[in-house]
Amino acid sequence: MKNIFLALLSVLIGGACSNHEEVFPIVDVYPYRVNLDVCDAAGLTLLDTTIEGNRKFLENTFLTYKKETFAVSHDRLSPRTPLYAPSTRAYYAPFEGMQVISYTNGNRHLCIGPFLGDEERERDMLVIQWGDGSKDTLTLTNHFTGSDKNHLPMYNRHAFWNAQEFSLGNILKVVKNPAK
C-alpha cells in the first residue's frame with residue numbers, strides 16, 4: 001500500500017513539474033469614459049464657466065443614468081475620486097456622472113463616466129437634459145467575446161449618440177445653444 005502511495009505521489013509531482021504549462025496572465029480591464037466637446041454654432045466652448053451664459057447652461061444640464069440624476073461638476077475632484085493611487089492592481093472606478101475637465105492647453109471636455117471596462121452592458125442608456133432644453137441619448141454596449149491567443153480578454157464595445165455610432169476613442173463634438 002505504501003509503495004502504491006509513493007508511486008502515485010511521484011507521478012503527481014512529476015506531472016506538476018512539466019514545462020508544457022500554459023500561462024494565463026492576470027489582467028485589469030481599464031475603465032473608460034465618453035468625452036464630449038460641447039460648443040455653440042460658432043464653435044466656441046460652452047464649458048468655460050467664467051462666461052455667464054455658459055454657467056447657466058451647465059447649471060441646468062443633467063444626466064440621468066440607472067434612475068439616478070447627476071449634475072455637471074466643474075474642474076474639481078469628485079467626492080468619490082480618491083486623492084491617492086489605488087494600493088492594489090484591482091481598481092474599482094465608481095460612476096461619477098459628468099465632469100468638466102480642463103487641460104493645460106486651455107481645452108475643456110465634458111467627461112461622462114467612468115464605466116467599468118469589464119462590466120457587461122446591453123444597450124445601457126444615458127439621457128442628457130441640456131441647459132438649452134434639448135435632450136440627447138448616449139447608449140453603450142460592452143460584451144466579453146473571449147480571449148486572444150495570449151489569453152488576454154477581448155471585448156466588443158459600441159457607443160451610440162442619438163442612435164448614431166461613434167468611436168469611444170474620439171472626442172465627440174456636440175453643438176448646443178447656450179442659455180441666455
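Conventions we followed
Within any chain, residue numbers begin from 1 and follow the written order of that chain's sequence. In view of the model being predicted, local features appear only for residues whose pLDDT reaches at least 70, and side-chain atom pairs are presented and counted only at 80 or more, with totals across whole chains, interfaces and linings using the full set of residues. Computation of side-chain values covers all heavy atoms of the structure but excludes hydrogens and water. Counting from the N terminus, the helices are DSSP H or I runs at least four residues long and the strands are E runs at least two residues long. A 1.4 Å probe rolled over the protein chains alone gives each residue an accessible area, and that area as a share of the maximum for its type sets the label: buried under 20%, exposed over 50%, partly exposed in between. Residue-level accessible areas treat just the shown protein chains as cover; the underlying method is Shrake-Rupley with a 1.4 Å probe. Two strands qualify as a pair provided DSSP detects at least 2 bridges between them. For every residue, the pLDDT score states the predictor's confidence, bounded by 0 at the bottom and 100 at the top. Working rule for contacts: check all heavy atoms of both residues, and any pair within 4.5 Å makes them a contact. Here a salt bridge means any side-chain nitrogen of Lys or Arg lying within 4 Å of a carboxyl oxygen belonging to Asp or Glu. By arc we mean the arc of the directions from the helix axis to the C-beta atoms, nothing more. Axis geometry follows a simple rule: fit a line to the C-alpha atoms, using only the stretch in contact for helices, then measure angles between N-to-C directions, giving values from 0 to 180 degrees.

Attention shifts here to the overall build of the protein chain. Looking only at helices and strands, the protein chain features 2 helices and 10 strands. When the helices and strands of the protein chain are read in sequence order from the N terminus, they spell out α-β-α-β-β-β-β-β-β-β-β-β. Here the protein chain holds 180 residues, and 33% of them are scored as buried. Accessible area for the protein chain stands at about 11700 Å²; split by element, carbon and sulfur atoms hold 57% of it.

Judged by how many residues are buried, strand β1 (residues 32-39) sits mostly within the fold: 6 of 8 residues are covered. The pairing of β1 with strand β5 (residues 108-115) spans 4 bridges and is classified as antiparallel. Opposite Leu36, over in β5, you have Leu110 as the bridge partner.

Right, let's get into the confidence of the model for the protein chain. Predicted coordinates in areas of low pLDDT are best not read in detail. In the predicted model, the protein chain carries a mean pLDDT of 80, and the fraction of residues at 70 or more is 74%. Put simply, helix α1 (residues 2-16) is where the protein chain has its lowest mean pLDDT, 60, and strand β2 (residues 62-65) is where it has its highest, 96. The low-confidence segment residues 76-87, where pLDDT is below 50, has 12 contacts with residues more than four positions distant or belonging to other chains.

What follows concerns the pattern of salt bridges. Going through the model one piece at a time under the given rule, you end up with 5 salt bridges. Arg55 serves as the salt-bridge partner of Glu52, at 2.5 Å between the closest nitrogen and oxygen. Separated by 3 residues within a single helix, Glu52 and Arg55 lie in helix α2 (residues 52-59), roughly one turn from each other. We classify Glu52 as partly exposed; its relative accessible area is 43%. Residue Arg55 is classed as partly exposed on the basis of its relative accessible area of 30%. The residue Asp124 makes a salt bridge to Arg121 at a minimum N-O spacing of 2.7 Å. We note that Asp124, like Arg121, is buried.

An α-helix turns once per 3.6 residues; consequently, residues spaced three or four apart project the same way. Those residues of α2 that sit buried are Asn54, Phe57 and Leu58. Around the axis of α2, the buried residues are gathered within 90° of arc, so they sit on the same side.

Two modes of strand pairing occur in sheets, parallel and antiparallel, and in both the strands are linked by backbone hydrogen bonds. On the basis of which strands lie adjacent, the open sheet formed by 10 strands has the order β9-β8-β7-β6-β2-β3-β4-β5-β1-β10 and mixed pairing. Looking at strand neighbours, the two that pair on one side only are β9 (164-166) and β10 (172-175), the edges of this open sheet. If you compare each strand with its neighbour and ignore which way they point, the axes differ by 30° on average. Sheet topology places β2 next to strand β6 (residues 121-129); 4 bridges connect them, and they run antiparallel. Within β6, the position partnered with Tyr65 by the bridge is Leu126.

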